[in-house]
Amino acid sequence: MSKTWKCRSGGAVNGKTPGGAVTGTPRIDPVPVKLTVNGQTCTITVEPRTTLLDALRDELSLTGTKKACDRGECGACTVHVDGHRVLSCMALAAMQEGKRITTIEGLENDGKLHPLQAAFIEHDGFQCGFCTSGQIMSGVAVIEEAKAGWPSAATADVTGAFSLADLSSTEIRERMSGNLCRCACYPNIVDAVAEAAARS
Ligand code: FES
Ligand code: FES
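Attention here is on the structure that accompanies the text. (Residues numbered from 1 in each chain as written. Chains lettered and ligands numbered in written order. Predicted model: local features only at pLDDT ≥ 70, side-chain atom pairs only at ≥ 80, totals over all residues. Heavy atoms only, no water.)

Another aspect to go through is the overall build of the protein chain. Scanning the protein chain from terminus to terminus reveals 5 helices and 5 strands. The order of α-helices and β-strands along the protein chain, N terminus first, is β-β-α-β-β-β-α-α-α-α. When each of the 200 residues of the protein chain is scored for burial, the buried share is 36%. Expressed as a percentage of contacts within the protein chain between residues at least 6 apart in sequence, the contacts between residues at least 24 apart total 52%. Counting every atom, the protein chain has about 11,600 Å² of accessible surface; 52% of that belongs to carbon and sulfur. (Helix = DSSP H or I, 4+ residues; strand = E, 2+ residues; numbered from the N terminus. Buried < 20%, exposed > 50% of the residue type's maximum accessible area, 1.4 Å probe, protein only. Contact = heavy atoms within 4.5 Å. Areas by Shrake-Rupley, 256 points an atom, 1.4 Å probe, with all protein chains shown as cover.)

Shown next, in the form of structure tokens:
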């Protein structure tokens, strides 16, 4: 009598079912991605399913960008891609070929804080600090979006040109609404963005 045995789970053995079909998670070959991060061009090798957030933190050790919800709800992972704010937990690293990424680590200039970073300190715009890098990256983008004339859902009249002078606290609150702060530092965050906008 020949000796036979069964996989106890009834599943695959060495990636094959008893019928011979290939099962399980297929091996996904990593792909190289060339991108510029904070002014420095580099090539990373990542699985196609790797998020930009994980690539920044795990491949480049840029841990200033925070992972909180990891599902596009809190804004903690906000970075800039080609000058526009992006939730890095919702972007694939493999799609960033040739893109220019800026993280919180890239905002300072020659050891000097970005005006919005300085305003956050001045206005006490944080408590635990976990949301802060995302808040600052969003705030910088909000100022640029206002300068570029972008209206928001809070803009009363979208027929005229929007300008930086129109960036009221209501506008700032609306435009920063994708960035949650569990310490509820919202009034101080709005003040910091308003001051940096006024100075820019
Ligand atoms: S970690 Fe990306 S939105 Fe929350
Ligand atoms: S400062 Fe703590 S979550 Fe915003």
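Next comes the rest of the description.
Among all positions in helix H1 (residues 52–59), only Leu52, Leu53, Asp54, Ala55 and Leu56 are buried. Against the buried residues of H1 lie strand S1 (31–37), strand S2 (40–46), strand S3 (78–81) and strand S5 (100–102).

Where nonpolar side chains cluster on the molecular surface, the patch consists of Leu113, Ile121 and Phe126 and spans about 260 Å² of accessible area. Tracing the sequence through the fold places Leu113 in the loop between S5 and helix H2 (115–122). On the accessibility criterion, Leu113 (42% relative accessible area) is partly exposed. (Patch = residues over 30% accessible without salt bridge, like charges linked within 9 Å, V, L, I, M, F, W, Y side chains within 5 Å. Salt bridge = Lys/Arg side-chain N within 4 Å of Asp/Glu carboxyl O.)

Attention now goes to the side chain of Ser88. Structurally, Ser88 is set in the loop between strand S4 (84–87) and S5. Of note is the side chain of Ser88, whose polar atom sits 2.7 Å from the backbone oxygen of Cys77. Leaving out residues up to four positions away in the same chain, Ser88 has contacts with Thr51, Leu52, Leu53, Thr65, Cys77 and Val79. (Polar contact = N/O pair within 3.5 Å; in protein donor to acceptor, adjacent residues only side chain to side chain.)

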